[in-house]
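Fold and geometry: a report
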Amino acid sequence: MKLLGKPRSRTAAFLPLCLFFMKIMQLGHSHLYNNRYAGDQVIRLIPKTEEEAYALKKIYQQLKVDLWQPSSISYVSEGTVTDVHIPQSASQALLAFLQQANIQYKVLIEDLQKALEKGSSLQTQRNRRSVPGYNYEVYHSLEEIQNWMHHLNKTYSGLIQMFSIGKSYEGRSLFVLKLGRRSRAYKRAVWIDCGIHAREWISPAFCQWFAKEALLTYRSDPAMRKMLNHLYFYIMPVFNVDGYHFSWTNDRFWRKTRSRSSRFRCRGVDANRNWKVKWCDEGASMHPCDDTYCGPFPESEPEVKAVANFLRKHKKHIRAYLSFHAYAQMLLYPYSYKYATIPNFSCVESAAYKAVNALRSVYGVRYRYGPASSTLYVSSGSSMDWAYKNGIPYAFAFELRDTGHFGFLLPEMLIKPTCTETMMAVKNITMHLLKKCH
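Computed from a prediction, not measured in an experiment: that's the story for all the values here.

Here is what the cut-offs are and how they apply
- Residues numbered from 1 in each chain as written.
- Predicted model: local features only at pLDDT ≥ 70, side-chain atom pairs only at ≥ 80, totals over all residues.
- Heavy atoms only, no water.
- 1 Å grid on protein atoms, 1.4 Å probe; cavity = no way out; pocket = protein on both sides within 12 Å on 5 of 7 lines; lining within 4 Å.
- Points joined across faces, edges and corners; volume = space filled by probe spheres on them.
- Helix = DSSP H or I, 4+ residues; strand = E, 2+ residues; numbered from the N terminus.
- Nonpolar A, V, L, I, M, F, W, Y, C, P; charged D, E, K, R; others polar.
- Pairing = 2+ DSSP bridges.
- Axes fitted to C-alpha atoms, helices over the stretch in contact; angles between N-to-C directions.
- Disulfide = S-S within 2.5 Å.
- Buried < 20%, exposed > 50% of the residue type's maximum accessible area, 1.4 Å probe, protein only.
- Lys, Arg positive; Asp, Glu negative; His and termini not counted.
- Salt bridge = Lys/Arg side-chain N within 4 Å of Asp/Glu carboxyl O.
- Contact = heavy atoms within 4.5 Å.

**As for empty space enclosed by the protein**
Within the structure shown, the criterion is met by three cavities of 30 Å³ or more. Lining the largest cavity we find 27 residues, and of these His197, His325, Leu376, Tyr377 and Glu399 sit closest to its centre. When residues of the lining of the largest cavity are traced back to their parent elements, those giving at least two are strand 2 (66-69), strand 9 (318-326), helix 12 (383-389) and strand 12 (394-400). In terms of residue count, strand 9 provides more of the lining of the largest cavity than any other element does, three residues in total. Grouping the constituent residues of the lining of the largest cavity by class yields 12 nonpolar, 10 polar and five charged.

Structure follows, in structure tokens:
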């Protein structure tokens with residue numbers, strides 16, 4: 001970098017450089033949450049007995065920890081892999097308790113703030129906002145994603161149509177992209193949503209990746225051409241817009257919506273426990289401060305109501321519902337709220353089996369697959385169960401990378417491999433849909 005004129009002193013030469021780098025640092029780290037996670041840790045433990053599990057539940061409640069896996073304290077039992085984010089203020093108490101109780105643990109992330117900053121250090125070097133050179137290998141803010149959607153709508157008007165299905169609690173538009181070659185003939189459709197849970201950033205990244213791949217490979221890839229000629233894809237890149245925005249500005253690990261209740265100070269509802277299917281039963285909490293709070297009533301959240309209304313209106317031609325989450329590396333299908341076999345099990349199971357194999361063929365990454373209740377845990381009021389119960393025969397929930405090494409802080413360098421392999425699975429499910437399964 002050439003400095004203007006000849007510097008009078010070392011200090012004078014150093015100043016513009018300092019300012020330049022400070023500016024770069026501000027650009028890159030403006031959303032790094034005022035150092036609020038300094039000294040926080042993420043640890044993994046697996047209770048060996050029910051006594052240990054009970055003791056952990058009690059201390060978790062006392063210390064108000066942030067559970068990364070499983071999503072609720074109620075799921076902690078003997079043999080459950082438990083990833084927990086402990087604030088610095090509580091770590092001494094918890095670690096002392098674990099040592100005293102002789103419960104073994106492993107530190108996954110030593111300093112959460114440092115991990116956050118390491119994950120986004122590359123952001124400083126790129127202009128993230130210019131859409132024609134839109135970078136699909138970085139995480140994007142809500143504003144950037146919505147600008148990108150507008151841009152696609154203008155640029156690819158033959159294949160894409162953007163519309164709003166309603167407004168969020170805080171008044172943001174709920175945008176959906178309709179992708180596919182327009183034809184007068186009746187066409188079946190696939191619904192894809194990302195970002196129901198705010199902190200799962202890899203999810204909206206995949207929805208953007210899917211749209212990009214569809215548009216860029218439509219001419220060159222016969223499978224993609226077949227998909228877009230025969231089907232419409234409704235893609236909602238960010239379901240929980242308020243929560244996602246909040247995870248960029250205030251709390252990177254926020255999960256829920258941002259709705260307020262007049263009676264409680266805690267905000268937000270788990271948008272994946274708010275659906276009218278065995279609502280607020282097992283695996284959902286009635287307490288507004290919990291991460292799995294089911295809400296005051298089914299579809300209380302305007303985001304859930306808007307999507308449910310849209311799906312109800314179009315359920316005759318929507319044949320598949322795909323929802324993207326993180327993290328666990330799983331492909332799940334109904335039921336989530338009970339241990340029972342779905343009527344079209346063999347068709348759905350065979351689609352899942354092929355999808356997981358297609359995904360593994362890319363980088364060797366292994367996904368578990370099966371009914372959500374027995375593969376992950378029982379949870380009521382989920383969007384996947386609701387879609388299935390409302391007549392959508394193929395309903396899947398993906399839990400994307402990884403299995404806990406980075407957790408919700410999946411580095412940007414892993415966006416491309418994660419999306420590339422997931423793309424294979426989604427194409428596989430879609431092609432399965434186009435064939436008749438008996």
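**Some details on the layout of surface pockets**
Within this model, the largest pocket holds a volume of roughly 1,100 Å³. Along the wall of the largest pocket there are 35 residues; nearest its centre are Lys64, Val65, Cys289, Asp290 and Asp291. Those elements giving two or more residues to the lining of the largest pocket turn out to be helix 2 (50-63) and strand 2. A breakdown of the residues in the lining of the largest pocket according to their chemical character gives 12 nonpolar, nine polar and 14 charged.

**Thoughts on the sheet that holds strand 7 (residues 188-194)**
Hydrogen bonds between backbone atoms are what pair the strands of a sheet, whose relative direction is either parallel or antiparallel. With respect to topology, eight strands assemble into an open sheet ordered 5-6-8-7-9-12-10-11, the strand pairing being mixed. Looking at strand neighbours, the two that pair on one side only are strand 5 (160-167) and strand 11 (368-371), the edges of this open sheet. For this sheet the average axis-to-axis angle between neighbouring strands, irrespective of direction, equals 20°. Where strand 7 lies against strand 8 (residues 231-236), six bridges are found, and the strand directions are parallel. Looking at the pairing, Ala189 lines up with Tyr232 of strand 8.

**Quick word on the state of the cysteines**
According to the stated counting rule, one finds four disulfides in the structure shown. Here Cys280 is linked by a disulfide to Cys294, with a sulfur-sulfur distance of 2.1 Å. Around the S-S axis, the bridge from Cys280 to Cys294 shows a dihedral of about -65° and counts as left-handed. A residue pair is termed long-range when its members are at least 10 positions apart, and Cys280 in the loop between helix 8 (241-249) and helix 9 (302-314) and Cys294 in the loop between helix 8 and helix 9 qualify at 14 residues. Disulfide pairing places Cys347 opposite Cys437 at an S-S distance of 2.0 Å.

**What about unusual backbone geometry?**
Most peptide bonds take the trans form, and the phi angle of most residues other than glycine is negative. A cis amide bond, omega -10°, links Gln69 with the succeeding residue Pro70. Take Pro70: it is sitting in the loop between strand 2 and strand 3 (82-86). For Lys64, which is not a glycine, the phi torsion comes out positive at approximately 50°. Here Lys64 is to be found in the loop between helix 2 and strand 2. Although it is not a glycine, Cys280 adopts a positive phi angle of roughly 55°.

**Thoughts on the side chain of Asp111**
Relative to the helices and strands, Asp111 is located in the loop between strand 4 (105-109) and helix 4 (112-119). In this structure Asp111 is buried but unpaired, with Lys114 as the nearest side chain of opposite charge at 4.2 Å. When residues no more than four places from it in sequence are discounted, the contact partners of Asp111 are Tyr37, Ala38, Gly39 and Asp40.

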